[in-house]
Amino acid sequence: MAVPPNALKKWEKVRDHALGLPGAAEEHPWGESVAKVGKKVFVFLGVHDGSHPLGVTVKLMDETAHAHALACPGAEPAGYGLGRAGWVRIPLEAKGAPRADLLCDWVEESYRTVAPKRLAAQLDTH
């Protein structure tokens, strides 16, 4: 199953943005890529080897952003009960999938939700 090049470019841009946030690090629990700050995941990046559809999962506590994310083609509350806590899975391969800059905004919001306040405050100084 080949990954569409535009979806892969989006995924790479989102991953790079996530890992550029203060204190962020990539780990691979459960065989998928996640970005963490401290011990907390702020974005699930999944796998990009073509074995599963490309997508990202972010925690959006802002009602408007949460509703907007869920309105994206194929988006759904995250599995394993995470959807009840504001996590949304957003596919990147669907026609009409969000642009990379919007996804990066959502990654940043997710980061602010879980990051220590001192690290999140660094975002406002740039």
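Here's a quick rundown of the structure.

Conventions adopted
- Residues numbered from 1 in each chain as written.
- Predicted model: local features only at pLDDT ≥ 70, side-chain atom pairs only at ≥ 80, totals over all residues.
- Heavy atoms only, no water.
- Axes fitted to C-alpha atoms, helices over the stretch in contact; angles between N-to-C directions.
- Helix = DSSP H or I, 4+ residues; strand = E, 2+ residues; numbered from the N terminus.
- Parallel < 35°, antiparallel > 145°, perpendicular 65-115°, else oblique.
- Left-handed = near helix turned anticlockwise from the far one by under 90°.
- Contact = heavy atoms within 4.5 Å.
- Nonpolar A, V, L, I, M, F, W, Y, C, P; charged D, E, K, R; others polar.
- Buried < 20%, exposed > 50% of the residue type's maximum accessible area, 1.4 Å probe, protein only.
- Pairing = 2+ DSSP bridges.
- Core = buried A, V, L, I, M, F, W, Y, C linked by side-chain atoms within 4.5 Å.

Quick notes on the packing of helix α2 (residues 63–70) against helix α3 (residues 100–114)
- Interaxial distance between α2 and α3 falls to 12 Å at its minimum, and their mutual angle equals 135 degrees. As summarised for this structure, α2 and α3 are arranged oblique, according to the angle between their axes. As for how α2 packs across α3, the hand of that crossing is left-handed. In this structure, α2 contributes Ala 65, His 68 and Ala 69 to the contact, and α3 contributes Leu 102, Trp 106 and Glu 109.
- Tallied by class, the residues present in the contact of α2 with α3 amount to 4 nonpolar, 1 polar and 1 charged.

Quick notes on the pairing of strand β4 (residues 55–59)
- The element β4 is extensively covered by neighbouring structure, given that 5 of its 5 residues are classed as buried.
- Going residue by residue along β4, you find Gly 55, Thr 57 and Lys 59 tucked away on one face and Val 56 and Val 58 tucked away on the opposite face as well.
- When strand β3 (residues 40–46) meets β4, the two strands line up antiparallel, connected through 2 bridges. Bridge pairing in β4 places Phe 44 opposite Thr 57.
- Examined bridge by bridge, β4 and strand β6 (residues 87–91) share 5 bridges and lie antiparallel to one another.

Describing the pairing of β3
- A large share of β3 lies buried, amounting to 6 of its 7 residues.
- Taken together, the 5 bridges between strand β2 (residues 33–37) and β3 define a ladder with antiparallel strand orientation. Within the sheet, the bridge partner assigned to Lys 36 lies in β3 and is Val 41.
- In sequence, β2 turns back onto β3 through a hairpin of 2 residues, with Gly 38 there showing a positive phi of about 65 degrees.

Quick word on the nonpolar core
- Counting 34 residues, the largest nonpolar core has Phe 42, Val 43, Val 56, Ile 90, Trp 106, Val 107 and Tyr 111 as its most contacted members.
- Secondary-structure elements contributing two or more residues to this core are α1 (5–19), β2, β3, β4, α2, β6, α3 and α4 (117–122).
- Here the element with the most residues in this core is α3; it accounts for 7 residues.
- Those residues in contact with Val 107 that lie beyond four places of it in its chain are Val 14, His 17, Ala 18, Leu 21, Phe 42, Val 43 and Val 58.
- Val 34, Val 41, Phe 44 and Ala 78 belong to the second largest nonpolar core, which has 5 residues in total.

Function cannot be read off these values alone, since they describe shape.
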